[in-house]
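Next come the chains, spelled out residue by residue.
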Amino acid sequence: MSQVTILKNAHIFDGLSDELMENFSVVVEDGIIREVSQTSTNVDSAHIVDCQNRVLMPGLIDAHFHAYTPSFDILANDRMPPALLASHAAKILEGTLRRGFTTVRDAAGGDIGLWRALEAGLISGPRFYYAGKAISQTGGHGDMRLADEVEICACTSYSGSLTQIADGPDEMRKAVREELRKGAHQIKLMVSGGVFSPTDPIWMPQFTDEEISTAVYEASTRKKYVMVHCHTDDAARRSILNGVRSIEHGTEISEDTARLIREKEAFVVPTLSPIDLLNDRGQDMKVSKTSLEKSEGVMDKMLYSIENCIREGVSLGLGTDLLEHEFHPRQGAELELRRQVNSEIEILRSATSINAKLLQMEGKLGCIKPDAFADLLVLDGNPLLDLSLFKDQQTKPQKLFFSLVYLLFFLIYLKIPETIQRLL
């Protein structure tokens, strides 16, 4: 028998509009939105939720997320037994959902095991789109071996909890095919140096055009796409010219490259939170001196890059890229960090409808419209005026729903209307 829930007296941000749609009702049947109406709707045996003129909006989407990251020490994560690492991931995912992120795109490490556990309801968490292990060249951003690390034998290569090594088009082809075989929703490549990797300067170009285009082609055979870790303008430009769909970080994108990204209908996903964290807490964290030096000046470059993308009309997503249990609660602060260069409505679209389009889920996620998933938040405040609503949750990670989120999609998805009633 179908379960129908009606959310009435709601002011709706639908993921697209500039203004709230006032005094609307939303009819949900078995986790799917069936009707959005300003007229009173009656359905026999429906459960009624009175939103009491609060703001109803789509659940947030984090398009650059890491579940297998209990620590900033990636090599320590690598040494964890798989069951322990998965247990950490379960806690991270549950906290993510409680902060109002109902969908995440895992950018490295996430796998079919976590996806199946979430789908089966064995653990609580958001919808989960995973890339499998990200692919790096030897000595690239995903090669976490230290420079003085002794190899066991000459035939060894690095494959850790988040990343793996592939050199040359043939190895790239096999690595991509293997991740796609294991159900990856997208493929992740490292095409520039990075802040936390131990041996590569941030300006270093990584992977050849042939290697990148090989990955793009193989992903396309399954109607999937490639996302790339990318700090430099050159890396962004090469990636787009070789068919990449999603530029992650995009630290130094020029106006010319931004124009090319827009022409190719690709996306940029800025991630301000890690650099903000290093600027705020770097001296207290277990982060190498080299990484701290690499991070200097990166925030200003990222903000300038975002401004270039805005001027050229690039589709900007939103991601957080946070690691370590202690710092995942800063997730919601990413929205307010973007306020330095974007308006509230632009940021909310980035975190909902634009991210949904990036994930190839336009019309299903990031919106409130018929046939979309009922991944919904009811807010005690207006996010079009105050993005600190989301930031405040970093201080209250232990409280489910707290003052911000009164309703999360899984309550409807799992058909537990009595729980909704207790919360409202």
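Residues numbered from 1 in each chain as written. Predicted model: local features only at pLDDT ≥ 70, side-chain atom pairs only at ≥ 80, totals over all residues. Heavy atoms only, no water.

Draft legend 1. Spatial organisation of the nonpolar core. Ranked by internal contacts, the top residues of the largest apolar core, which has 72 residues, are Ile135, Ile187, Leu189, Val226 and Ile247. Sorting elements by how many residues they give to this core places helix 10 (residues 298-311) first, with six residues. Once you skip the residues sitting within four places of it in the chain, Ile247 turns out to touch Val228, Cys230, Ala236, Ser239, Ile240, Ile253, Ile261, Phe267, Val268 and Val269. (Core = buried A, V, L, I, M, F, W, Y, C linked by side-chain atoms within 4.5 Å. Buried < 20%, exposed > 50% of the residue type's maximum accessible area, 1.4 Å probe, protein only. Helix = DSSP H or I, 4+ residues; strand = E, 2+ residues; numbered from the N terminus. Contact = heavy atoms within 4.5 Å.)

Draft legend 2. Structural detail: the packing of helix 8 (residues 273-281) against helix 10. Contact geometry for helix 8 and helix 10: axes closest at 9 Å, N-to-C directions at 150°. Between helix 8 and helix 10, the angle falls in the class roughly antiparallel. For the pair helix 8 and helix 10, the sense of crossing is left-handed. Here helix 8 contributes Ile275, Asp276 and Asn279 to the contact with helix 10, which in turn contributes Val298, Met299 and Met302. Residue composition of the contact of helix 8 with helix 10, by class: four nonpolar, one polar and one charged. (Axes fitted to C-alpha atoms, helices over the stretch in contact; angles between N-to-C directions. Parallel < 35°, antiparallel > 145°, perpendicular 65-115°, else oblique. Left-handed = near helix turned anticlockwise from the far one by under 90°. Nonpolar A, V, L, I, M, F, W, Y, C, P; charged D, E, K, R; others polar.)

Draft legend 3. Seen up close, unusual backbone geometry. Look at Phe207: it is not a glycine, yet its phi comes out positive at around 65°. On the secondary structure map, Phe207 appears in the loop between strand 11 (187-190) and helix 5 (209-220). Of note, Glu265 is a non-glycine position whose phi angle comes to about 55°, a positive value.

Draft legend 4. Examining the environment of His231 more closely. In this fold, His231 is placed in the loop between strand 12 (226-230) and helix 6 (233-241). By relative accessible area, His231 is classed as buried at 6%. Measuring from C-alpha to C-alpha, the distance between His231 and Ala108 comes to 17 Å, with 123 residues separating the pair along the chain. If near-sequence neighbours (up to four positions away) are discounted, His231 is found in contact with Ser192, Gly193, Gly194, Val195, Ile202, His249, Gly250, Thr251, Glu252 and Met302. Within the structure, the side chain of His231 is placed 2.5 Å from the side chain of Thr251, a separation counted as a polar contact. (Polar contact = N/O pair within 3.5 Å; in protein donor to acceptor, adjacent residues only side chain to side chain.)

Draft legend 5. Broad picture of a negative patch on the surface. Residues Asp167, Asp170, Glu171 and Glu210 make up a contiguous surface patch of negative charge. Along the polypeptide, Asp167 turns up in the loop between strand 10 (163-165) and helix 4 (168-181). (Patch = residues over 30% accessible without salt bridge, like charges linked within 9 Å, V, L, I, M, F, W, Y side chains within 5 Å. Areas by Shrake-Rupley, 256 points an atom, 1.4 Å probe, with all protein chains shown as cover. Salt bridge = Lys/Arg side-chain N within 4 Å of Asp/Glu carboxyl O. Lys, Arg positive; Asp, Glu negative; His and termini not counted. Charge placed at Lys NZ, Arg CZ, Asp CG, Glu CD.)

Draft legend 6. Up close: the sheet that holds strand 6 (residues 60-65). Taken together, three strands build an open sheet; the order of strands is 6-7-8 and the sheet is parallel. Edge positions in the sheet fall to strand 6 and strand 8 (127-130), since each of these pairs with one other strand and no more. Looking at each pair of strands side by side, their axes are set apart by 15° on average, direction ignored. The pairing of strand 7 (residues 101-106) with strand 8 spans four bridges and is parallel. Along strand 8, the bridge assignment pairs Val104 with Phe128. Most of the contacts of helix 2 (residues 82-98) go to strand 7, to which it runs at about 135°, and overall it touches strand 6, strand 7 and strand 8. (Pairing = 2+ DSSP bridges.)

Draft legend 7. Expanded view of the pairing of strand 8. Of the two faces of strand 8, both are covered, the one formed by Arg127 and Tyr129 as well as the one formed by Phe128 and Tyr130. Where the polypeptide runs from strand 7 across helix 3 (residues 112-119) and back to strand 8, its parallel neighbour, the crossover connection is right-handed. (Right-handed = clockwise from strand over helix to strand, strands pointing away.)

Draft legend 8. Main features of the packing of aromatic side chains. Overall, the coordinates contain two aromatic pairs when judged by the stated rule. Ring geometry for Phe128 and Tyr130: centres 6.2 Å apart, planes at 25°, overall stacked. For Phe128, a relative accessible area of 3% gives the class buried. Here the guanidinium or amino end of Arg127 rests over the ring plane of Phe373, the centre of that ring lying 4.0 Å away. One Lys or Arg, Lys364, reaches over the ring of Phe373 and ends 5.6 Å from the middle of that ring. (Phe/Tyr/Trp six-rings, centres within 6.5 Å; stacked < 30°, edge-to-face > 60°. Lys NZ or Arg CZ within 6 Å of the ring centre and 35° of its normal.)

Draft legend 9. How the structure looks around the environment of Ile306. Note on placement: Ile306 falls in helix 10. Linking Ile306 and Glu324, residues 18 residues apart in sequence, is a C-alpha distance of 26 Å. Sequence-distant contacts of Ile306, defined by excluding residues within four places in its chain, comprise Pro270, Leu272, Leu316, Arg338, Val341 and Asn342.

Draft legend 10. Expanded view of the pattern of salt bridges. Going through the model one piece at a time under the given rule, you end up with 22 salt bridges. Lys301 serves as the salt-bridge partner of Glu252, at 3.5 Å between the closest nitrogen and oxygen. Highlighted residues: Glu252 in the loop between strand 13 (246-249) and helix 7 (255-263) and Lys301 in helix 10, separated in sequence by 49 residues. Exposure remark for Lys301: the relative accessible area of 40% places this residue in the partly exposed category. Between Arg311 and Glu255 there is a salt bridge, with the nearest N and O atoms lying 3.2 Å from each other. Of this pair, Arg311 sits in helix 10 while Glu255 sits in helix 7; the two residues are 56 residues apart in sequence, bridging distant segments of the chain. The class for Arg311 is partly exposed, based on a relative accessible area of 47%. Among the ionic contacts, a cluster of salt bridges with common partners joins Asp256, Arg259, Arg262 and Glu312.

Draft legend 11. Inspection of the pairing of strand 1 (residues 4-12) at higher detail. Of all the nine residues making up strand 1, seven are buried; the element is thus mostly covered by neighbouring parts of the structure. Relative to strand 2 (residues 21-29), strand 1 is paired through six bridges, and the arrangement is antiparallel. The residue of strand 2 that forms the bridge with Val4 is Glu29. In terms of strand pairing, strand 1 meets strand 4 (residues 47-50) through four bridges, oriented parallel. Across the sheet, the residue bridging to Leu7 is Val49, located in strand 4.

Draft legend 12. Looking closely at helix 7. Residues of helix 7 that are buried include every one of Thr257, Ala258, Leu260 and Ile261, and no others. For helix 7, the arc enclosing every buried residue in end-on projection is 160°, short of the 170-degree limit, so these residues lie on one face. Count one or two residues on from helix 7 and you reach Glu265, which has phi positive near 55°. (Arc of directions from axis to C-beta.)

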